[in-house]
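Per-entry structural report
Next come the chains, spelled out residue by residue.
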Amino acid sequence: MKVTAAFALPHDHYDWNQGLYQLAMVTRNCLVDNDHENFRKYNIMLCNYAREILKIPNLMIVEWELSNDIAVFVLNGVPDGRCHTAYDIGHHIPEEYKGENGRYSIPLIHSQEELDDTLAHIHSMNILHKLEDEK
């Protein structure tokens, strides 16, 4: 599992998609409450929903951050119906996303234009990977 892209939606984007933020918050609350069964269920729903609204077919990890932002990790590979978290990628985070103390530092998306550019970059990377796989 390799991170191919990562970005964060700041909490002031809440109006952009309330459903994504609410589902991310519910998922995080299940984790905080040690309700692992519901955490897995909601985490899978959250990633499926994010894939649908962002139109990214990749396996991804979506997390509610303490800052109330949502971090999105786009991974190589296709969805497998399992629950994945940032712990699954651990030290496999590319250098460009490594922050202080071994934590990740994800760039915040501040506008619809930035989001569109990021998604276009992800789609072009997917096409390149697909072409490489076909060779």
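A short tour of the structure in this document, coming up. (Residues numbered from 1 in each chain as written. Predicted model: local features only at pLDDT ≥ 70, side-chain atom pairs only at ≥ 80, totals over all residues. Heavy atoms only, no water.)

**Structural notes on the overall build of the chain**
- Across its full length, the chain holds four helices and three strands.
- When the helices and strands of the chain are placed in sequence order, the string is β-α-α-β-β-α-α.
- Burial statistics for the chain: of 135 residues in total, 40% are counted as buried.
- Within the chain, residue pairs in contact and separated by at least 24 positions form 58% of the contacts whose partners lie at least 6 positions apart.
- Accessible surface for the chain amounts to roughly 8,200 Å². Of this, 51% is attributable to carbon and sulfur atoms. (Helix = DSSP H or I, 4+ residues; strand = E, 2+ residues; numbered from the N terminus. Buried < 20%, exposed > 50% of the residue type's maximum accessible area, 1.4 Å probe, protein only. Contact = heavy atoms within 4.5 Å. Areas by Shrake-Rupley, 256 points an atom, 1.4 Å probe, with all protein chains shown as cover.)

**Some remarks on the nonpolar core**
- Phe7, Val62, Ile70 and Phe73 are the most contacted members of the largest nonpolar core, which totals 35 residues.
- In this view, valine 62 contacts Leu46, Cys47, Ala50, Ile70, Ala71 and Val72; residues no more than four positions away in its chain are not counted. (Core = buried A, V, L, I, M, F, W, Y, C linked by side-chain atoms within 4.5 Å.)

**With respect to a negative patch on the surface**
- A cluster of like negative charges, contributed by Glu113, Glu114, Asp116 and Asp117, occupies part of the molecular surface.
- With respect to the helices, strands and loops of the structure, aspartate 116 is situated in helix α4 (residues 112-134).
- By relative accessible area, which is 40% here, aspartate 116 ends up partly exposed. (Patch = residues over 30% accessible without salt bridge, like charges linked within 9 Å, V, L, I, M, F, W, Y side chains within 5 Å. Salt bridge = Lys/Arg side-chain N within 4 Å of Asp/Glu carboxyl O. Lys, Arg positive; Asp, Glu negative; His and termini not counted. Charge placed at Lys NZ, Arg CZ, Asp CG, Glu CD.)

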